[in-house]
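# An overview of the molecular structure
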Amino acid sequence: MTTPNTFAGPEGRRLAYHLTPGRGPWIIFLGGLKSDMEGTKALHLEDWARAQGRAFLRFDYSGHGQSSETFEEGCIGDWAEDTYQIIQALTDGPILPVGSSMGGWQALLLAKRLADRITGLVTIAAAPDFTEDSYWAGFSDAQRAQLQEDGRVEIPSDYMEPYVITWRMIEDGRKHLVLRSPLDLPFPVRCLQGTADTAVSTETALRLVDHATCPDMRLILVKDADHRFSDGPCLGIIETAIEDILALAE
C-alpha cells in the first residue's frame, strides 16, 4: 500500500487519494459503503488506466479507508460533497465516473451537478436510494424505534462486520433520493449487475434503467456474479464497459 496524497475536503475533512496522470476523460472510481480505494476493482482499474495512458482518480470518502472522520459520523450528503469537491479540485475536462454499489448512487448524484463534464457513466451493482428502499423499508418496528430513540442500529453484512446505521444517515438519505423524481442522464450509461448479488437485487437495476431518461443506457446482467463483481471475468466486463464509452467519446 503506497502512501496517499491528502485533499483538504469540505468542513475540514481530509480525503486520501491517488491520482494517475494521463489523457482524458478522467476515469474516477467511486467506491461502495464502507469500502475503500484499496479494493480489487479500484486497484485493477488504476493499473488498467496506467497501461492505457489514461487519467485516473481513486479516493476514500470521509469516514472510509485512510480519510479522516469516522464512518458513523457520515451520511450520503457528506460523501456526495466529498466526491464533488475532490473531482472539481483535482481534475479538469471530461470525466467518466465508475460507481460501485453506493458509489453508483454517488455517481447519479454527481450527474445532477456535473452533467456538462460527464462523458459517460458506468455503474456496478448500483444501489440508489438504499437507505430508504433497503434499510428503512426492511427495518422492523423495533429497529425503527431504536433508530429514533438511540440514533443508531446495527445491521449484519455478508461482506464485513455489522454496519452501524444512524438516524442521521436515514434522514439525510431522504434528501438525496434519485428514483422519486426525474433523473436525466444525457450521456451513455452502462449498468453492470450480477444475478447472484445478495446486497443489491436485479430488480433495483431494472428500476434504475426504467426510471432514468437516457439516450443510450444498457444493463448487462452477469449470471452468478455476486456483489463484489471483482473476479477476473467481471473485471474484464468493467474494462469493456469503460472502453465502450471511451470509444463513443472519441
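That block above? That's the structure.
Presented here is an overview of the structure given in this document. Worth saying up front: this structure is predicted, and the values here are computed from it rather than measured.

Rules used throughout
Residues numbered from 1 in each chain as written. Predicted model: local features only at pLDDT ≥ 70, side-chain atom pairs only at ≥ 80, totals over all residues. Heavy atoms only, no water. Salt bridge = Lys/Arg side-chain N within 4 Å of Asp/Glu carboxyl O. Helix = DSSP H or I, 4+ residues; strand = E, 2+ residues; numbered from the N terminus. Buried < 20%, exposed > 50% of the residue type's maximum accessible area, 1.4 Å probe, protein only. Core = buried A, V, L, I, M, F, W, Y, C linked by side-chain atoms within 4.5 Å. Contact = heavy atoms within 4.5 Å. Arc of directions from axis to C-beta.

Counted under the stated rule, the structure contains 17 salt bridges. Here Glu-46 makes a salt bridge to Arg-58, at a shortest N to O gap of 2.9 Å. In this pair, Glu-46 is assigned in helix α1 (residues 40-52) and Arg-58 in strand β4 (residues 54-59), connecting sequence segments 12 residues apart. The exposure class assigned to Glu-46 is buried, which follows from its relative accessible area of 7%. The shortest N-O distance in the salt bridge between Glu-132 and Arg-174 comes to 2.7 Å. Separated by 42 residues along the polypeptide, Glu-132 in helix α4 (residues 130-138) and Arg-174 in the loop between α6 (167-173) and β9 (189-194) bring together distant segments of the chain. Through salt bridges that share partners, Glu-38, Glu-46, Asp-47, Arg-50 and Arg-58 make up one connected network.

Judged by nonpolar contacts, the single largest core of 55 residues is most densely connected at Tyr-135, Phe-139, Ile-165 and Leu-185. In terms of residues, this core owes the most to one element, helix α3 (residues 102-114), which gives eight residues. Aside from chain neighbours lying at most four places away, what touches Phe-139 is Arg-144, Leu-147, Val-153, Ile-155, Ile-165 and Ile-170. Val-122, Ile-124, Ile-238 and Ala-241 belong to the second largest nonpolar core, which has 22 residues in total.

So, on to α4. Of all the positions in α4, only Phe-130, Thr-131, Glu-132, Tyr-135 and Trp-136 are classed as buried. Along the axis of α4, the buried residues cluster in a sector spanning 165 degrees; they form a single face. Here the buried face of α4 lies against α2 (76-90), α3, α5 (141-150), β7 (152-155), β8 (163-166) and α6.

Structural measurements only, silent on function.
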